[in-house]
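Each chain, letter by letter, is given below.
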Amino acid sequence: MSKHVLGIIGGSGLYDIEGLTGAEWVTVESPWGEPSDDLLVGEISGTKVVFLPRHGRGHAVSPSDINYHANIDALKRLGVTDIFSLSACGSLKEELPPGTFVIVDQFIDRTFARKKSFFGKGLVAHVPLSHPVSSWLGDIAEDGLKAQKVPYARGGSYLVMEGPQFSTLAESELYRSWGCSVIGMTNMPEAKLAREAEIRYATVAMVTDFDCWHPDHDSVDVQMVIKTLLDNADKAKALVKFLADNINNRDSEPNCGTDTILDMAIMTAPEKRDPALVAKMDAIAGRVLKG
Ligand SMILES: CSC[C@H]1O[C@H](OP(=O)(O)O)[C@H](O)[C@@H]1O
Ligand SMILES: Nc1ncnc2[nH]cnc12
């Protein structure tokens, strides 16, 4: 069995994936509550793949209501080592028109109604986040998009807004003035929590619209997003197959240190730790808390 276990978090428009051998929807119990849905577990080319629809099948969960903690905990419990988020997003740059896939490398987190950490009172930790995504995973995504001849951009900042309403024009212009490339509502705290869980994370953001700033394009609405997503669904599914085919066949291994990030992160002295929180962290931090 393969070493890297591939987690795919499917965003708007991606509620299922095909081509998994032995595919089974599995219910995962998490001490953090209910994940967005059951998780689809199977294999592609010998790689174990775990798929989770972020908004649930039928899209019943809004960005602010997603239980990001339970989602990451469930992926960790199923052995996931590497997560790709496939997300819809708005473009904040002329040169990133709808249909472009952006391999994001930075985030600006403007969400304010979400709990951001697994850690807290009685178990304090601070993980580094200067480079929130894995460039090793980004390389695999880039190879896949090149092979498929999909228009893509490597790098760019994803502005994470609270939503669920889309931005005002003043907000959209503000984020453009900050140099952000794309905007969405879901990748934080997801990326932060993945880092705390020692899971490598990368996002391929599929541009569906020009938000509301572009003088020659209508302001974003859901119909516009869905139309572009449907046009791009096959490309996203082919990318998932490429990721699974390739993640365990690379010449190099990741060296970002994410898989051991908690070695240096926990501040709370053993005798001051809250046993209830420590117990809840069995999957996320069991590697460093046990013994
Ligand atoms: C349906 S448009 C807004 C919605 O789409 C994106 O979700 P995801 O990242 O899960 O693809 C965006 O962040 C909003 O949540
Ligand atoms: N313009 C936009 N703003 C926020 N989230 C989005 N998801 C897709 N397009 C978006």
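Residues numbered from 1 in each chain as written. Chains lettered and ligands numbered in written order. Predicted model: local features only at pLDDT ≥ 70, side-chain atom pairs only at ≥ 80, totals over all residues. Heavy atoms only, no water.

The name given to the chain in an unreviewed UniProt entry is S-methyl-5'-thioadenosine phosphorylase, with the source organism recorded as Aestuariispira insulae. Taken from UniProt, the Pathway (unreviewed entry) comment for the chain reads in full: "Amino-acid biosynthesis; L-methionine biosynthesis via salvage pathway; S-methyl-5-thio-alpha-D-ribose 1-phosphate from S-methyl-5'-thioadenosine (phosphorylase route): step 1/1." Comment text from UniProt for the chain, heading Sequence similarities (unreviewed entry), reads "Belongs to the PNP/MTAP phosphorylase family. MTAP subfamily." (UniProt positions renumbered as here; feature names shortened; annotations may be inferred.)

**Q** Tell me about the site of ligand 2, and name the residues and values.
**A** Looking at ligand 2, the residues that line it are Ala88, Cys89, Gly90, Met161, Phe166, Ile183, Gly184, Met185, Thr208, Asp209, Asp211 and Val220. At 3.3 Å, a backbone N or O of glycine 90 approaches a nitrogen atom of ligand 2. In the model, a nitrogen atom of ligand 2 is placed 2.8 Å from a nitrogen or oxygen of the aspartate 211 side chain. Protein chains shield 94% of the accessible area of ligand 2, which is 260 Å² for the free molecule. With 3 residues, the top contributor of residues to the shell around ligand 2 is strand 5 (residues 82-91). (Near = heavy atom within 4 Å. Polar contact = N/O pair within 3.5 Å; in protein donor to acceptor, adjacent residues only side chain to side chain. Areas by Shrake-Rupley, 256 points an atom, 1.4 Å probe, with all protein chains shown as cover. Helix = DSSP H or I, 4+ residues; strand = E, 2+ residues; numbered from the N terminus.)

**Q** How would you summarise the site of ligand 1 if you had to cite specific residues and measurements?
**A** Not every one of the 13 residues close to ligand 1 is listed here, only the nearest: Ser12, His55, Ala88, Met185 and Thr186. One nitrogen or oxygen atom from the side chain of histidine 55 is found 2.6 Å from an oxygen atom belonging to ligand 1. Alanine 88 places a main-chain nitrogen or oxygen 2.8 Å from an oxygen atom of ligand 1. Isolated, ligand 1 exposes 390 Å² of accessible area, and the fraction of that covered by the protein chains is 91%. Considering only residue class, the shell around ligand 1 consists of 6 nonpolar, 6 polar and 1 charged. (Nonpolar A, V, L, I, M, F, W, Y, C, P; charged D, E, K, R; others polar.)

**Q** Before we move on, could you go through helix 4 (residues 187-196) and cite the residues and values that matter?
**A** Burial analysis of helix 4 places 9 of its 10 residues in the buried class, which makes it a mostly covered element. Within the sequence span of helix 4, burial applies to Asn187, Met188, Pro189, Glu190, Ala191, Leu193, Ala194, Arg195 and Glu196. One or two positions beyond helix 4, positive phi appears at glutamate 198, with a value near 60°. (Buried < 20%, exposed > 50% of the residue type's maximum accessible area, 1.4 Å probe, protein only.)

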